[in-house]
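Residue strings, one per chain:
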Amino acid sequence: MAESPDSRSSTSARPTAPNRGDRPVYVIGGGPGGLAVAYALRARGIRAVVLERSGRVGDSWRRHYDRLRLHTTRRLSALPGLPMPRRFGRWPARDDVVRYLEKYAEHHRLEIVTGVEVSRVERTPDGTGWLLHATGGRELTGAAVVVATGFNHTPRVPDWPGRDTYTGEFLHACEYRDAKPFAGRDVLVVGVGNTGAEIAVDLVEGGASRVRLAVRTPPHIVRRSTAGWPAQYSGVLVRRLPVGLVDRLCRVQARVALPDLSARGLPRPGSGLYSRVLEGAIPVQDVGLVDAVRTGAVEVVAAVEGFEEGEVVLADGDRIGPDAIVAATGYVRGLEGLVGGLGVLDDRGRPVVHGARTPSGAPGLYFTGFTTPISGTLRELALDAQRIARAVSRAGGVSRLPA
Ligand SMILES: Cc1cc2nc3c(=O)[nH]c(=O)nc-3n(C[C@H](O)[C@H](O)[C@H](O)COP(=O)(O)OP(=O)(O)OC[C@H]3O[C@@H](n4cnc5c(N)ncnc54)[C@H](O)[C@@H]3O)c2cc1C
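These numbers come from a predicted model, not from an experiment.

Visitor: Can you tell me about the site of the ligand, naming the residues and giving the values?
Guide: In the vicinity of the ligand, 30 residues are found, and the nearest of them are E52, S60, H71, T72 and L378. Here an oxygen atom of the ligand sits 2.8 Å away from a polar atom, N or O, in the main chain of L378. Taken by itself the ligand offers 980 Å² of open surface, and the protein chains cover 93% of this. Counting only elements with at least two residues in the shell around the ligand, the list comes to helix 1 (32-43), strand 2 (48-52), helix 2 (59-62) and helix 11 (377-395). Grouping the amino acids of the shell around the ligand by side-chain chemistry returns 11 nonpolar, 15 polar and 4 charged.

Pasting the structure below:
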């Protein structure tokens, strides 16, 4: 069961006994990834304790913008052991996802301690387990640890020169809720991932007087579904095909399905869709951007280079003076403090392994949710949860629940 922030000193958060077999698996993060792993472990009779820094499960989803719906289907977004209800429709809304995550924790009677942030993970001195340093000086010892702190962990804003000269409103996309505060205003959205694209459309529909979208690299855009066939289904089908072949198929598909927006500043990308996915760039699911750009409701401008005397300087030399800027410039993983000393991160700060694999120098340390699969992240989180539980079970040395 999810516990309230007041339950911080609950028994499940106290250091466990030194006997190796008594140690639970600690899962860091109570988002979809962490909850799915906790369930999969529990289903194998392994005690898993989820440590969540916020007051409730699904915290990331509670903070997303209002109009957000899943762009992956209800069926392929459900976590193991509990389908999403049919009434959510094909593309569940943000609030339904939050309700589902709450229900998931309750339904599976997961052991969750909220209000506990883990700041560092290290090997126990005897090398047989993992020591977690957490809020309030807690030290918790686990047989294994699953890091599920989220791909979209820490908002990233580029270090633009002269930004302090800008006196208009400036916010990261993670602070954007709806278009109301921007009605009648001239807004620049920076970055054309799914979030930037959708916020730009939301601003147009919400009555902003002018909406510009700053684009550095033209994105791949796909229809969320074509003749009732969701783009995600294609992602699942092609994920094991050769990358070059998928790139070619997608290029043909895009030419058939989408208008050429080059004249509006959004040319078709030079590199292939799947190649870009493997570099971490998820295609933009069109929920109105194509029409908005085609009709000029959203104006595409060059990338932001910096600020001068309160104006935004663009890569093509133009200077513009919007009333507000929404930086849809992504997130960083923020794993350095947590596991940075263990040699388990690559040069981009991402874990070197995921799913069932644990780093060679760090047996029993697992990661989930740090990839961007073409087949959908929630689907991958669900699959990884089962793989991780199987691997933990095989490795042994964990606290078992009474039968
Ligand atoms: C706007 C948006 C839309 C998306 N839409 C889709 C979609 O349609 N389909 C899809 O498949 N995927 C989608 N994703 C991607 C992905 O599925 C979600 O980001 C999903 O929430 C990832 O789950 P997670 O558990 O890995 O991370 P999160 O949901 O981010 O959960 C991480 C949790 O860990 C907690 N935490 C972080 N650090 C610590 C710490 N040190 N100690 C304790 N707790 C900690 C956080 O508070 C949080 O609750 C979307 C992502 C975004 C940003």
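Visitor: Requested: an account of the layout of surface pockets, with residues and values cited.
Guide: In this structure, the second largest pocket spans a volume of roughly 440 Å³. Taken together, 23 residues line the second largest pocket, and the ones lying closest to its centre are L278, H354, T371, T372 and P373. Counting only elements with at least two residues in the lining of the second largest pocket, the list comes to helix 8 (273-278) and helix 11. It is helix 11 that contributes the most residues to the lining of the second largest pocket, 4 residues altogether.

Visitor: Please give an account of the sheet that holds strand 11 (residues 210-215) that cites residues and values.
Guide: Reading across the sheet, the 5 strands line up as 9-20-10-11-16 and stay open at both edges, with parallel pairing between neighbours. The two strands at the open ends of the sheet, each matched to only one other strand, are strand 9 (169-172) and strand 16 (298-302). Strand-to-strand twist of the sheet, defined as the mean angle between neighbouring strand axes without regard to direction, takes the value 20 degrees. For strand 9 and strand 20 (residues 324-327), the ladder comprises 4 bridges, and the chain directions are parallel. Each bridged residue has a counterpart across the sheet, and for E169 the counterpart in strand 20 is A324.

Visitor: Before we move on, can you summarise the packing of helix 1 against helix 11 with the specific residues and values?
Guide: Between helix 1 and helix 11, the shortest axis-to-axis distance is 8 Å and the interhelical angle comes to 35 degrees. Where helix 1 crosses over helix 11, the two elements pack in a sense that is right-handed. Where helix 1 abuts helix 11, its residues P32, G33, A36, V37, A40 and L41 lie against L378, L381, A385, Q386, I388, A389 and V392. When the residues that make up the contact of helix 1 with helix 11 are grouped by side-chain class, the tally is 11 nonpolar, 2 polar and no charged.

Visitor: Before we move on, could you go through the pattern of salt bridges and cite the residues and values that matter?
Guide: All told, the structure shown has 22 salt bridges when counted by the stated rule. Here E169 ties to R185 by a salt bridge, and the two come within 3.0 Å at their closest N and O atoms. On the criterion of sequence distance, the pair formed by E169 in strand 9 and R185 in the loop between strand 9 and strand 10 (186-190) is long-range, its members being 16 residues apart. Across the salt bridge formed by R216 and E305, the nearest N and O atoms sit 3.4 Å from each other. Of the two residues, R216 is situated in the loop between strand 11 and strand 12 (221-223) and E305 in strand 17 (residues 304-308); the sequence distance between them amounts to 89 residues.

Visitor: Got a sec to walk through a nonpolar patch on the surface? Specific residues and values, please.
Guide: On the surface, a nonpolar cluster with roughly 230 Å² of combined accessible area is contributed by L241, L245 and L249. Position of L249 among the secondary structure elements: in helix 7 (residues 243-257).

Visitor: Tell me about the confidence of the model for the protein chain, and name the residues and values.
Guide: The pLDDT averaged across the protein chain works out to 93; a share of 95% of its residues lies at or above 70. Across residues 1-18, confidence stays below pLDDT 50; counting only partners more than four residues off in sequence or on other chains, it has 45 contacts.

Visitor: Tell me about the nonpolar core, and please be specific about residues and values.
Guide: Judged by nonpolar contacts, the single largest core of 73 residues is most densely connected at L41, Y100, Y104, Y176, L203 and L289. By size, the runner-up hydrophobic cluster in this structure holds 24 residues, among which are V121, L338, A362 and F370.

Visitor: Describe the sheet that holds strand 7 (residues 144-147), and please don't skip the residues or the numbers.
Guide: Overall, parallel pairing links the 5 strands, which are arranged 3-2-1-7-22 in an open sheet. Strands at the two margins of the open sheet, each flanked by one partner only, are strand 3 (111-114) and strand 22 (365-367). Here the strands of the sheet are splayed against their neighbours by 20 degrees on average, with no regard to which way each runs. Here strand 2 pairs with strand 3 via 4 bridges, running parallel.

Visitor: Outline helix 7, supporting the account with residue identities and numerical values.
Guide: Taking 1.5 Å as the rise per residue, helix 7 with 15 residues should run 21 Å; its terminal C-alpha atoms sit 21 Å apart, in good agreement. Where helix 7 is concerned, the buried positions are V246, D247 and A254. Angular distribution of buried residues about the axis of helix 7 spans 100 degrees; they occupy a single face of the element. With respect to the buried face of helix 7, the exposed residues turned more than 90 degrees away are R248, V252, R255 and V256.

Visitor: Which residues make up helix 11, and what values do they have?
Guide: When the terminal C-alpha atoms of helix 11 are compared, their 26 Å separation across 19 residues agrees well with the 27 Å that a helix rising 1.5 Å per residue should span. Taken together, the buried positions of helix 11 are occupied by L378, R379, E380, L381, A382, D384, A385, I388, A389, A391 and V392. Looking at the residues trailing helix 11, positive phi occurs at G396, about 75 degrees.

Visitor: Quick one: what's the story with the side chain of E380, residue by residue and with numbers?
Guide: In this structure, E380 sits in helix 11. In this structure E380 comes out as buried when scored by relative accessible area, which is 13%. Residues within four places of E380 in sequence aside, it is in contact with H354, T371, P373, S375 and R387.

What counts and what doesn't
- Counting starts from 1 at the beginning of each chain's written sequence and moves along it residue by residue.
- Given that the model is predicted, a residue must reach a pLDDT of at least 70 before its local features are reported, and side-chain atom pairs must reach 80 or more before they are shown or counted; all residues, however, enter totals for whole chains, interfaces and linings.
- In computing side-chain properties, one takes all heavy atoms of the structure into account and sets aside hydrogens as well as water.
- Any residue with a heavy atom positioned within 4 Å of a molecule or strand is treated as near that molecule or strand.
- Polar contacts, as counted here, are pairs of nitrogen or oxygen atoms within 3.5 Å of one another; within protein the pair requires one atom able to donate a hydrogen and one able to accept it, and residues that are adjacent in sequence qualify only if both atoms are side-chain atoms.
- Each accessible area is a Shrake-Rupley estimate made with a 1.4 Å probe; only the visible protein chains count as cover when residues are assessed.
- Secondary structure elements are defined from DSSP: runs of H or I of at least 4 residues count as helices, runs of E of at least 2 residues count as strands, and each element is numbered from the N terminus.
- Under the scheme applied here, ten amino acids are nonpolar (Ala, Val, Leu, Ile, Met, Phe, Trp, Tyr, Cys and Pro), four are charged (Asp, Glu, Lys and Arg), and all others, including Gly, are polar.
- Using a grid of 1 Å spacing that covers the protein atoms alone, one calls a set of points a cavity when a 1.4 Å probe fits there but cannot get out, and a pocket when the set is open and has protein on both sides within 12 Å along at least five of seven lines; lining residues are those with an atom within 4 Å of a point.
- Grid points are joined across faces, edges and corners, and a volume is the space filled by probe spheres set on the points.
- A strand pair is defined by DSSP finding two or more bridges across the two strands.
- Under this scheme, a helix contributes an axis fitted over its contacting stretch, all axes are lines through C-alpha atoms, and angles between N-to-C directions fall in the 0 to 180 degree range.
- Whether a crossing is left-handed or right-handed is set by the direction in which the near helix is turned from the far one by less than a right angle, anticlockwise for left-handed and clockwise for right-handed.
- Two residues form a contact once any of their heavy atoms are found within 4.5 Å.
- Salt bridge, as used here: a side-chain nitrogen of Lys or Arg that lies within 4 Å of a carboxyl oxygen of Asp or Glu.
- Candidate patch residues must exceed 30% relative accessible area and have no salt bridge, after which like charges are joined if within 9 Å and Val, Leu, Ile, Met, Phe, Trp or Tyr side chains if within 5 Å.
- Known as pLDDT, the predictor's per-residue confidence is scaled from 0 to 100.
- To form a nonpolar core, buried Ala, Val, Leu, Ile, Met, Phe, Trp, Tyr and Cys residues must be joined to one another through side-chain atoms within 4.5 Å.
- With a 1.4 Å probe rolled over the protein chains alone, any residue whose accessible area is under 20% of its type maximum counts as buried; one over 50% counts as exposed, and the rest are partly exposed.
- Expected span of a helix, by definition, is 1.5 Å for each gap between consecutive residues, and there is one gap fewer than residues.
- The reported arc concerns the directions from the helix axis to the C-beta atoms and nothing else.

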